[in-house]
Amino acid sequence: MKYSGIGGQAVIEGVMMKNRDECAVAVRKADGGIEIKRETCRNIRDQYRIARFPVIRGIVAFAESLGTGMKMLNYSASLFEEEEEAKTSDSTKDPKEKKEKKESLVMGFVMVLAVIIAIAVFVIAPFLVSESLRKIVRSPQLRGLIEGVIRVILFVAYVKLISRMEDIKRVFMYHGAEHKSINCIENGYDLTVENVRKQNTWHKRCGTSFLLVVMFVSILFFMFIVVRNMWLRMAFRILLIPVIAGVSYEFIRYAGSHDNVVSNILSKPGMWLQGLTTAEPDDPMIEVAIASVEAVFDWKAFVAEEEELVEEISTEKETAVTDESGIEIFAVDENEEEDDEILSALDRYFEAPK
């Protein structure tokens, strides 16, 4: 599998794909057509050198993906709102601009509220539970481990619970279409519905895996960062969230661009959890994912480059033959055989009795 660098996200009845500073969202409309919105995404890492440093780039990437994802999610949801009132002759750009500003404010409020709720449920609640065991469990390291286990259990239970909702099920199907499309081109196949359908629904760079890695990294952090004051310990758990996200990003980045035993083993838990957040899509969903990929990524050039690399490797292997024992035996060309005959004749000449 070759690393493509593109990433995506499932939205309401659609898929968002991002490639470097370009992103596009494709949404299936009620009339059956596919609406595509493409735009340039602001990339802080290209503007500031410090934003490209390890860990820091993870914090920046996480913030950027969260903002872009919420924006595209809001756009996909807007396509399914009730039809707007008929425009009057007095309508101007001002009402439209006011509406866009209002939607931006609402989106910002929802993002802040979602972050607050996530911190309360997945950070503060497990911390308070572990603190209640202080008299029973004396070791701060063990309490940190218990806190982390509770956090993972809450997260898995949350994912399992929302996966039962009908609307979320469809989002998870589009999530599967997103993964299948990326897997298709990274495995060197043409991006067609038939080829995409054959791919797996999991991927090592998935956001689900990222969140699970965040849970495990937080266990390591909070097991060994010991502070006596309870309020200070709570503050550390909130303030260190960006750092934990940055470290987790580095792991996901490495695992997604390397295919070896270690990265594959460490990626297994996240890929197992993707069994809850992805589902097999139908063909119309796959078409939407393909449209989103094609809006930001030249997959034909990518696949052609992959095929050229395979051909080069095959050409190199043609110069060697492998016997049944698995030992590589190099082929000998005709010129080398002639040289061997001359050397044999010289040996016979010098070995002959005088």
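Here, the structure is the one placed above.
Structural notes, computed from the coordinates. Because the structure is a prediction, the values reported are computed rather than measured.

Once that is clear, we can look at the overall build of the protein chain. Looking only at helices and strands, the protein chain has 13 helices and 6 strands in total. When burial is assessed residue by residue, the protein chain has 36% of its 354 residues classed as buried. For the protein chain, contacts bridging at least 24 residues in sequence account for 67% of all contacts bridging at least 6. Within the structure as shown, the protein chain displays about 22,300 Å² of accessible surface, and the carbon and sulfur contribution to it stands at 60%.

Taken together, the side chains of Ile44, Tyr48, Ile50, Phe53 and Ile56 make up a nonpolar region of the molecular surface, amounting to roughly 450 Å² of accessible area. Tracing the chain through its elements places isoleucine 50 in the loop between helix 1 (44–47) and helix 2 (56–78).

This next bit is on helix 9 (residues 241–257). Since the α-helix turns once every 3.6 residues, residues separated by three or four places project in the same direction. Between its first and last C-alpha, helix 9 extends 24 Å over 17 residues, near the 24 Å set by a 1.5 Å rise per residue. Turning to helix 9, its buried residues number three or more, namely Ile244, Ala245, Gly246, Ser248, Tyr249, Glu250, Ile252, Ala255 and Gly256. Buried residues belonging to helix 9 abut helix 1, helix 2, helix 7 (207–224) and helix 10 (261–277).

Moving on, we get to the sheet that holds strand 3 (residues 22–28). Within a sheet, neighbouring strands are paired by backbone hydrogen bonds and run either parallel or antiparallel to one another. With antiparallel pairing, 4 strands are arranged side by side in an open sheet as 1-2-3-4. In this open sheet, the two edge strands, each paired with only one partner strand, are strand 1 (7–11) and strand 4 (34–40). Pairwise comparison of adjacent strand axes, ignoring direction, gives a mean angle of 15° for this sheet. Most of the contacts of helix 2 go to strand 1, to which it runs at about 35°, and overall it touches strand 1, strand 2 (14–19), strand 3 and strand 4. The sheet contacts of helix 5 (residues 166–186) involve strand 1, strand 2 and strand 3, and relative to strand 1 the element is tilted by about 160°.

This paragraph deals with the environment of tyrosine 75. The topology assignment puts tyrosine 75 in helix 2. Remark: the alpha-carbon pair of tyrosine 75 and isoleucine 12, spanning 63 residues in sequence, is separated by 9.0 Å.

Quick look at the packing of aromatic side chains now. One pass over the structure, following the stated rule, counts 4 aromatic pairs. For the pair phenylalanine 62 and phenylalanine 210, a centre-to-centre distance of 5.6 Å together with 35° between the ring planes defines the contact as tilted. Residue phenylalanine 62 is found in helix 2, and its partner phenylalanine 210 is found in helix 7; the two are separated by 148 residues along the sequence. Taken together through their ring pairs, the aromatic side chains of Phe122, Phe155 and Tyr158 make up a single cluster. When the ring centre of phenylalanine 222 is taken as reference, the NZ or CZ atom of arginine 237 above it lies at 4.5 Å.

Okay, unusual backbone geometry next. With a phi angle near 55°, glutamate 13 is a residue other than glycine that sits in the positive phi range. Overall, the relative accessible area of 18% leaves glutamate 13 in the buried class. We note that arginine 20 has phi near 60°; this positive angle belongs to a residue other than glycine. Within the fold, arginine 20 resides in the loop between strand 2 and strand 3.

The rules we used
Residues numbered from 1 in each chain as written. Predicted model: local features only at pLDDT ≥ 70, side-chain atom pairs only at ≥ 80, totals over all residues. Heavy atoms only, no water. Helix = DSSP H or I, 4+ residues; strand = E, 2+ residues; numbered from the N terminus. Buried < 20%, exposed > 50% of the residue type's maximum accessible area, 1.4 Å probe, protein only. Contact = heavy atoms within 4.5 Å. Areas by Shrake-Rupley, 256 points an atom, 1.4 Å probe, with all protein chains shown as cover. Patch = residues over 30% accessible without salt bridge, like charges linked within 9 Å, V, L, I, M, F, W, Y side chains within 5 Å. Salt bridge = Lys/Arg side-chain N within 4 Å of Asp/Glu carboxyl O. Expected span 1.5 Å × (residues − 1). Pairing = 2+ DSSP bridges. Axes fitted to C-alpha atoms, helices over the stretch in contact; angles between N-to-C directions. Phe/Tyr/Trp six-rings, centres within 6.5 Å; stacked < 30°, edge-to-face > 60°. Lys NZ or Arg CZ within 6 Å of the ring centre and 35° of its normal.

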